[in-house]
Number of protein chains: 6
Amino acid sequence: MAIINLSLLLPILLLALSLSVVFAVDPSTLQDFCVTAPISQGTSICKDPKLVEANDFFFSGLHLAGNTSNPVGSKVTPVFASQLPGLNTLGISLARIDIAPWGVNPPHLHPRATEILTVLEGTLEVGFITSNPENRHFTKNLQKGDVFVFPIGLIHYQRNIGYDNVVAIAALSSQNPGVITIGNAVFGATPVISSGVLVKAFQLDRTVINYLQSKF
Amino acid sequence: MAIINLSLLLPILLLALSLSVVFAVDPSTLQDFCVTAPISQGTSICKDPKLVEANDFFFSGLHLAGNTSNPVGSKVTPVFASQLPGLNTLGISLARIDIAPWGVNPPHLHPRATEILTVLEGTLEVGFITSNPENRHFTKNLQKGDVFVFPIGLIHYQRNIGYDNVVAIAALSSQNPGVITIGNAVFGATPVISSGVLVKAFQLDRTVINYLQSKF
Amino acid sequence: MAIINLSLLLPILLLALSLSVVFAVDPSTLQDFCVTAPISQGTSICKDPKLVEANDFFFSGLHLAGNTSNPVGSKVTPVFASQLPGLNTLGISLARIDIAPWGVNPPHLHPRATEILTVLEGTLEVGFITSNPENRHFTKNLQKGDVFVFPIGLIHYQRNIGYDNVVAIAALSSQNPGVITIGNAVFGATPVISSGVLVKAFQLDRTVINYLQSKF
Amino acid sequence: MAIINLSLLLPILLLALSLSVVFAVDPSTLQDFCVTAPISQGTSICKDPKLVEANDFFFSGLHLAGNTSNPVGSKVTPVFASQLPGLNTLGISLARIDIAPWGVNPPHLHPRATEILTVLEGTLEVGFITSNPENRHFTKNLQKGDVFVFPIGLIHYQRNIGYDNVVAIAALSSQNPGVITIGNAVFGATPVISSGVLVKAFQLDRTVINYLQSKF
Amino acid sequence: MAIINLSLLLPILLLALSLSVVFAVDPSTLQDFCVTAPISQGTSICKDPKLVEANDFFFSGLHLAGNTSNPVGSKVTPVFASQLPGLNTLGISLARIDIAPWGVNPPHLHPRATEILTVLEGTLEVGFITSNPENRHFTKNLQKGDVFVFPIGLIHYQRNIGYDNVVAIAALSSQNPGVITIGNAVFGATPVISSGVLVKAFQLDRTVINYLQSKF
Amino acid sequence: MAIINLSLLLPILLLALSLSVVFAVDPSTLQDFCVTAPISQGTSICKDPKLVEANDFFFSGLHLAGNTSNPVGSKVTPVFASQLPGLNTLGISLARIDIAPWGVNPPHLHPRATEILTVLEGTLEVGFITSNPENRHFTKNLQKGDVFVFPIGLIHYQRNIGYDNVVAIAALSSQNPGVITIGNAVFGATPVISSGVLVKAFQLDRTVINYLQSKF
């Protein structure tokens, strides 16, 4: 039995274990699938195909309503690769959207995905805004069975304009689409953006900026 | 006013008009969107952005049940770029799947897309098979609210195993995923594949092959 | 000489001429270059390689300061594929950024590009914010010769924190990166977003929302 | 010398060693090459470039005939990234195809590659079938020196229609194209697909389905 | 019958007809195939699928030896998308290489493709050189049935080191790989590169540079 | 405390530590960023996002002139992913180019990137050469503020044709564009290319080839 000086190896092993998600791209595949195999603190690579099972491609619970008791009156339940490891490398994911009457899913964007939304229940006002210099606003009122597309990277929102809850399914063209809620990112960043930047950018009083930063 | 010999130009114009879909790839985008602008017999390029309107990103009718009165007892209603022109270049699409009790959506594959399926109503047996040499069969019974993934290019199927109709929404990672139903492609091709090829490949009697070819 | 009824062909030709940008993707190339060949109202495809000349790959004037006499005190001069047709299909572009003392390049994002910025003159505070749920703010003060990276799709800004003008060169990983200035898109969209959506989303008084909408 | 409790580290190390192929995409490259470096039970990443040698880009034996003594009378010899590690990340591979007189390479498809085939010896009937709804069958008889293309994801086959052995070289547009032989996947999956699904899908007697399942 | 002023339309039509290849990218596909439909002076888009036939996927003559009676003693016969229109958008192509005894296929590179070469006849010395700063030279002598890989964008060469003709098949990972023969590009460009640049770059006498420029 | 036989684990660990760069592709991203986390001898994966800081996106010193005291009179200072780890997976990088009067940046190419160059100081002759068979030479004299594009994979060069130093910033469409200097790769490879190959390819005396090989 060899006795070995581990003091040299250990820091390297611990560093390795502190690293995170390995896959940085999602276009085309190199094998039938590559189920995420999470290792304790982060590193994830393909699970041994022999150990993959049907449950790796399965997620349940999308029939359950999200809790919309919050200031904006809406809740998004994601089914991304972190929730459904079989999605890894496959370039698609889902989310369930619940919106209480007059609630909104506030202006946000997905930096890595187009969204295609299907209304299952309720009446929904939706809209997206194009990039500079036009900043055109495309908007539409949707009913049950209606489908609408929000192109990748554009700011969009949804509002329940009926008397019943809205339920919608959104499909997204990435396994990890990302979400940037405008208000949170601009006024709720950690650490905060200097109010000087925001005062100049939005031409608002420092009081309003401070109020906004306290809200988010 | 110039009078010009059109007999040289016309054949070229007519040839141009008989050509079809211009966009051959779907990865990343070069503008906010590129709504398909169909020209009579085929050529399609981006519609002038100034003429694009909210309806170009809209599709309605996905709440309506498909007609399952056919031998396999199922019906797929596609919402691909040909049905929803705003999807062009955006790499995603949808379909509604209706299956009558004990009906099947027969073994098929999508050459250009992964599918992620959500069960809205009913009880569904689903499965997919991996490539050679393992040809492993992953299968699962799904209830309302369950989600399952069928990786790109793999043969898969669904079967209603309950007493009520199944309704499911499938999202697909391409604007034009393509569908190859195995039975139709192998036994129902036009013109037919020589029965000699099929007899040898499937080690079946010529009678059975001929029967299959008459069915599809 | 054939005399031909043009009344059938003309509408098709005119439709064709009203269409816009053909190239919807930018990853890899299929020829040495594909210089944009603009046709009157939009359609653009590769210019005949025999007619391509060195000037198609050339742009001049990036040594000239932009005019920063505007409320935010900054000016961006783009060198995208629309300004430099030789960039078409090649996946890269540039911009010159001028910022007057205490001016800002307001929070914005590029839906299709990472930005790498080099400071040529002056002292610059820069920052970007990551996506939900962390919304982490990475910020740094830069001097002449410093370089900073703003990852694709993330909100970022720059502010001149010195007493002299700032001059910077930004390189972007797309021929047409797109720019979404948050304030303009959210408060200055055409037509405007219902103030109801914004009141709920930002938890602000309708008066403030109306004020913001009048500013942008 | 530090004495360390390995009982915490070992499970993590063993899990790491049970994981498989790291590379999940193949489009463009980030270095001159990335030769696969297999680690015992699976994980593979780029071999240290300093240790790479000419033999990593080399494979021999493609002049040797494959053994066609099997029910279908054909044999495919792959030169994919698993056989030739230098192909990793480079998006191309090869195969030699041997077919005895009247043998077939049965209907199959490559989920991740287009195939371009060159006949070196013999006379070959080839064909492929397009996707739904047309399922058009393109077929051609080939001689020595003839080349034919099978587009990505479409079902295709080859049959020797001469009196001599056929030898062909197929090039494929992926380092790991994948092969799905229709008969094996549908009737020979492990575990088997319920005969109920196949009876309904192919409108065949349960006896014929059972016979087919016993064959594959 | 409408009489219309064509003098406005004609220049636009003629411009359109002078444009060239439309497809600038080749990654993934959006339909089963997109056969190139050449229009007189260049523009090419997908041929109407209904008019596509098996011959669009077919090329013949690769069994015929190329003529190696030239200073370098070698000849390459390409089967790219311009020779085989069915290859359009499919990301792969072929070439036959003939080299007379002691002839060379001079140092060159393919800007858009990896090459995988199979020796059909003869004995071949092959090599490629990596990028700066190592410029490592990987070299190998090949016999019949040997396969070698030349990674995308790297300079490589082949030399017949036997007494018989060499015949090889090269597969390339692009429908239009491009070829840059170093000698021709550096010393035979049109118009020539100033000899001042080459004298400085290669630290050679102006006489040798002039001699080289006269040769290519 | 378990005592474990490390003699089995160690070789595997050491092999793992001798491997290099994990990321082989750069197209689209799967998370906001993936900062390179170098592990001793090579393996690099995403740094734990929680440990990422602003400095990971920062590089300084591009205002400092490179040392041009060398035979070609020029110096390139790279800011690639190896110098600026935050660039990993983001598809862009920079370089500063210094050229003394009458110095040249010798003919070279970037196998993985298009270059867009901005002149900050001085007067510069630039050129690139297209692929076979045309080998067209596009050339232009540039002044301060001028911009020029060198398409991916094509041979190009720059020469200072003024009396002052030239300073230019080049942006490149890859995080690791690669550089192949023609002279170094052809005449300075390690080990050298047989002079027989070069004599035949360049139709030069063995003496000149030997002289060139001694120079590089």
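Predicted model, so just to flag it, every value in this text is computed and none were measured. (Residues numbered from 1 in each chain as written. Chains lettered and ligands numbered in written order. Predicted model: local features only at pLDDT ≥ 70, side-chain atom pairs only at ≥ 80, totals over all residues. Heavy atoms only, no water.)

### Regarding the overall build of chain A
Part 1 of the reasoning: Across its full length, chain A carries four helices and 13 strands.
Part 2 of the reasoning: Across chain A, contacts joining residues at least 24 apart in sequence account for 66% of those joining residues at least 6 apart. (Helix = DSSP H or I, 4+ residues; strand = E, 2+ residues; numbered from the N terminus. Contact = heavy atoms within 4.5 Å.)

### What about the state of the cysteines?
Residue and element names in this part refer to chain B.
Part 1 of the reasoning: Using the criterion set out here, one finds six disulfides over all chains in the structure.
Part 2 of the reasoning: At a sulfur-sulfur separation of 2.1 Å, the disulfide partner of Cys34 is Cys46. Around the S-S axis, the bridge from Cys34 to Cys46 shows a dihedral of about -100° and counts as left-handed. Highlighted residues: Cys34 in the loop between helix 1 (9-17) and strand 1 (36-38) and Cys46 in strand 2 (residues 44-46), separated in sequence by 12 residues.
Part 3 of the reasoning: Owing to a relative accessible area of 1%, Cys34 belongs among the buried residues under this scheme.
Part 4 of the reasoning: Exposure remark for Cys46: the relative accessible area of 1% places this residue in the buried category. (Disulfide = S-S within 2.5 Å. Buried < 20%, exposed > 50% of the residue type's maximum accessible area, 1.4 Å probe, protein only.)

### Details of the packing of helix 3 (residues 195-202) of chain B against helix 4 (residues 206-215) of chain B
Residues and elements named next belong to chain B.
Part 1 of the reasoning: For the pair helix 3 and helix 4, the least separation of the axes is 9 Å and the interaxial angle reads 115°. Remark: the crossing between helix 3 and helix 4 carries right-handed chirality. Between helix 3, through Ser195, Gly196, Leu198 and Val199, and helix 4, the contact on the second element is made entirely by Arg206, Ile209, Asn210 and Gln213.
Part 2 of the reasoning: Within the contact of helix 3 with helix 4, the residues separate by chemical class into three nonpolar, four polar and one charged. (Axes fitted to C-alpha atoms, helices over the stretch in contact; angles between N-to-C directions. Left-handed = near helix turned anticlockwise from the far one by under 90°. Nonpolar A, V, L, I, M, F, W, Y, C, P; charged D, E, K, R; others polar.)

### Things to note about the interface of chain F and chain E
Part 1 of the reasoning: Counting residues at the interface gives 51 residues for chain F, matched by 51 residues for chain E.
Part 2 of the reasoning: Taken over both partners, the interface formed by chain F and chain E buries close to 4200 Å², and the fraction arising from carbon and sulfur atoms is 67%.
Part 3 of the reasoning: Looking only at chain F, the three residues that lose the most surface to chain E are Lys200(F), Phe202(F) and Gln203(F), adding up to 13% of its buried area.
Part 4 of the reasoning: Joining chain F to chain E, the criterion identifies zero salt bridges.
Part 5 of the reasoning: The tally of links between chain F and chain E comes to 18 residue pairs in polar contact (both at pLDDT 80 or more).
Part 6 of the reasoning: Listing elements by their share of the side of chain F that touches chain E, those giving two or more residues are strand 6 (104-109), strand 8 (124-129), strand 11 (155-160), strand 13 (180-181), helix 2 (182-187), helix 3 (195-202) and helix 4 (206-215) of chain F.
Part 7 of the reasoning: Split into classes, the residues belonging to the side of chain F that touches chain E amount to 31 nonpolar, 14 polar and six charged. (Buried area = accessible area lost by both parts, 1.4 Å probe. Salt bridge = Lys/Arg side-chain N within 4 Å of Asp/Glu carboxyl O. Polar contact = N/O pair within 3.5 Å; in protein donor to acceptor, adjacent residues only side chain to side chain.)

### Describing the sheet that holds strand 12 (residues 166-172) of chain A
Part 1 of the reasoning: Spatially, the six strands line up as an open sheet ordered 4(A)-5(A)-12(A)-7(A)-10(A)-3(B), and their pairing is antiparallel. In this open sheet, the two edge strands, each paired with only one partner strand, are strand 4 (74-79) of chain A together with strand 3 (58-59) of chain B. (Pairing = 2+ DSSP bridges.)

### Here we look at unusual backbone geometry
Part 1 of the reasoning: The step from Asn132(D) to Pro133(D) runs through a cis peptide bond, and the omega angle for that step is -5°.
Part 2 of the reasoning: Summarising the element assignment, Pro133(D) is placed in the loop between strand 8 (124-129) and strand 9 (137-142).
Part 3 of the reasoning: A positive phi is found at Asn135(E), a non-glycine position, where the angle reads about 45°.
Part 4 of the reasoning: Within the secondary structure layout, Asn135(E) lies in the loop between strand 8 (124-129) and strand 9 (137-142).

### Quick notes on the pairing of strand 5 (residues 93-99) of chain B
Residue and element names in this part refer to chain B.
Part 1 of the reasoning: Taking burial as the measure, the seven residues of strand 5 include seven buried ones, the bulk of the element.
Part 2 of the reasoning: Neither face of strand 5 is open: one carries Ser93, Ala95, Ile97 and Ile99, the other Leu94, Arg96 and Asp98, and all of them are buried.
Part 3 of the reasoning: Bridging between strand 4 (residues 74-79) and strand 5 involves six bridges; their strand directions are antiparallel. Across the sheet, residue Lys75 finds its bridge partner in strand 5, namely Asp98.

### A few points about the relation of the copies chain F and chain E
Part 1 of the reasoning: If you rotate chain F by 180° and push it 0.0 Å along the axis, it lands on chain E with an RMSD of 0.0 Å. Considering both components of the superposition, the chain copies are consistent with a two-fold axis.
Part 2 of the reasoning: By residue overlap, the copies meet face to face through one surface: 100% of the interface positions of chain F are interface positions in chain E. (Least-squares fit on C-alpha atoms with pLDDT ≥ 70 in both.)

### With respect to the environment of Phe150(B)
All names here are of chain B.
Part 1 of the reasoning: Tracing the backbone shows Phe150 in strand 10 (residues 147-150).
Part 2 of the reasoning: Sequence-wise, Phe150 and Glu115 are 35 residues apart; in three dimensions their C-alpha atoms are separated by 5.1 Å.
Part 3 of the reasoning: Apart from the residues lying within four places of it in its own chain, the contact partners of Phe150 are Thr114, Glu115, Leu117, Val126, Gly127, Phe128, His156, Tyr157 and Gln158.

### Things to note about helix 4 of chain F
Since the α-helix turns once every 3.6 residues, residues separated by three or four places project in the same direction.
Part 1 of the reasoning: By the burial criterion, the buried members of helix 4 of chain F are Val208(F), Ile209(F), Leu212(F) and Gln213(F). Buried residues of helix 4 of chain F, seen end-on, are gathered within an arc of 135° and therefore sit on one face of the element. Within helix 4 of chain F, the exposed residues directed more than 90 degrees away from the buried face are Thr207(F) and Ser214(F).
Part 2 of the reasoning: Buried residues along helix 4 of chain F sit against helix 3 (195-202) and helix 4 (206-215) of chain E together with helix 2 and helix 3 of chain F. (Arc of directions from axis to C-beta.)

### A short note on the environment of Ile169(D)
All names here are of chain D.
Part 1 of the reasoning: Relative to the helices and strands, Ile169 resides in strand 12 (residues 166-172).
Part 2 of the reasoning: Measuring from C-alpha to C-alpha, the distance between Ile169 and Arg96 comes to 4.7 Å, with 73 residues separating the pair along the chain.
Part 3 of the reasoning: The contact partners of Ile169, leaving out residues within four places of it in the chain, are Leu62, Leu94, Ala95, Arg96, Ile116, Leu117, Thr118 and Leu120.

### Some thoughts on the UniProt feature "binding site: Mn(2+)" (unreviewed entry) in chain A
Residues and elements named next belong to chain A.
Part 1 of the reasoning: Those places that UniProt annotates as "binding site: Mn(2+)" (unreviewed entry) correspond, in this numbering, to His108, His110, Glu115 and His156. Of the residues just listed, which span 49 residues, no C-alpha pair is farther apart than 11.8 Å, and they cluster in one region.
Part 2 of the reasoning: Mapped onto the elements, His108 comes out in strand 6 (residues 104-109).
Part 3 of the reasoning: For His108, a relative accessible area of 4% gives the class buried.
Part 4 of the reasoning: Excluding anything up to four places from it in sequence, His108 contacts Glu115, Leu154, Ile155, His156, Val179, Ile180, Thr181 and Ile182.
Part 5 of the reasoning: Engagement of the side chain of His108 in a polar contact is seen with the backbone oxygen of Pro106, the distance being 2.8 Å.
Part 6 of the reasoning: Tracing the chain through its elements places Glu115 in strand 7 (residues 115-121). (UniProt positions renumbered as here; feature names shortened; annotations may be inferred.)

### Some thoughts on the relation of the copies chain A and chain B
Each of the two chain copies goes to the other by way of a rotation about an axis and a shift along it.
Part 1 of the reasoning: Mapping chain A onto chain B leaves a residual RMSD of 0.0 Å; the transformation is a rotation of 180° accompanied by 0.0 Å of translation along its axis.
Part 2 of the reasoning: Both copies share a contact surface, since 100% of the interface residues of chain A are interface residues in chain B too.

### Remarks on helix 4 of chain E
Part 1 of the reasoning: What helix 4 of chain E keeps buried is the set Ile209(E), Leu212(E) and Gln213(E).
Part 2 of the reasoning: Its buried side turned inward, helix 4 of chain E meets helix 2 (182-187) and helix 3 of chain E together with helix 3 of chain F.

### Notes on the interface of chain A and chain B
Part 1 of the reasoning: Listed by partner, the interface residues are 48 residues for chain A and 49 residues for chain B.
Part 2 of the reasoning: At the boundary of chain A with chain B, total buried surface from both sides reaches about 3800 Å², with 71% on carbon and sulfur atoms.
Part 3 of the reasoning: Among the residues chain A hides against chain B, the three largest losses belong to Asp32(A), Phe57(A) and Ile92(A). Together they make up 15% of the total.
Part 4 of the reasoning: Run the count over chain A and chain B and you get 18 residue pairs in polar contact (both at pLDDT 80 or more).
Part 5 of the reasoning: When contributions to the side of chain A that touches chain B are tallied by element, the ones reaching two or more residues are strand 3 (58-59), strand 5 (93-99), strand 7, strand 9 (137-142), strand 10 (147-150) and strand 12 of chain A.
Part 6 of the reasoning: Broken down by class, the residue content of the side of chain A that touches chain B amounts to 26 nonpolar, 15 polar and seven charged.
Part 7 of the reasoning: Pairing between strand 10 of chain A and strand 3 of chain B: two bridges, direction antiparallel. Within strand 3 of chain B, the residue paired with Phe148(A) across the bridge is Phe58(B).

### Structural notes on the pairing of strand 11 of chain F
Residues and elements named next belong to chain F.
Part 1 of the reasoning: When you tally the buried positions in strand 11, you get six out of six residues, the bulk of the element.
Part 2 of the reasoning: Of the two faces of strand 11, the one lined by Ile155, Tyr157 and Arg159 and the one lined by His156, Gln158 and Asn160 are each fully buried.
Part 3 of the reasoning: Judged from the three bridges that link them, strand 6 and strand 11 form a sheet pairing that is antiparallel. The residue of strand 11 that forms the bridge with Val104 is Arg159.
Part 4 of the reasoning: Of the strand pairs in this sheet, strand 8 and strand 11 are connected by six bridges, and their pairing is antiparallel.

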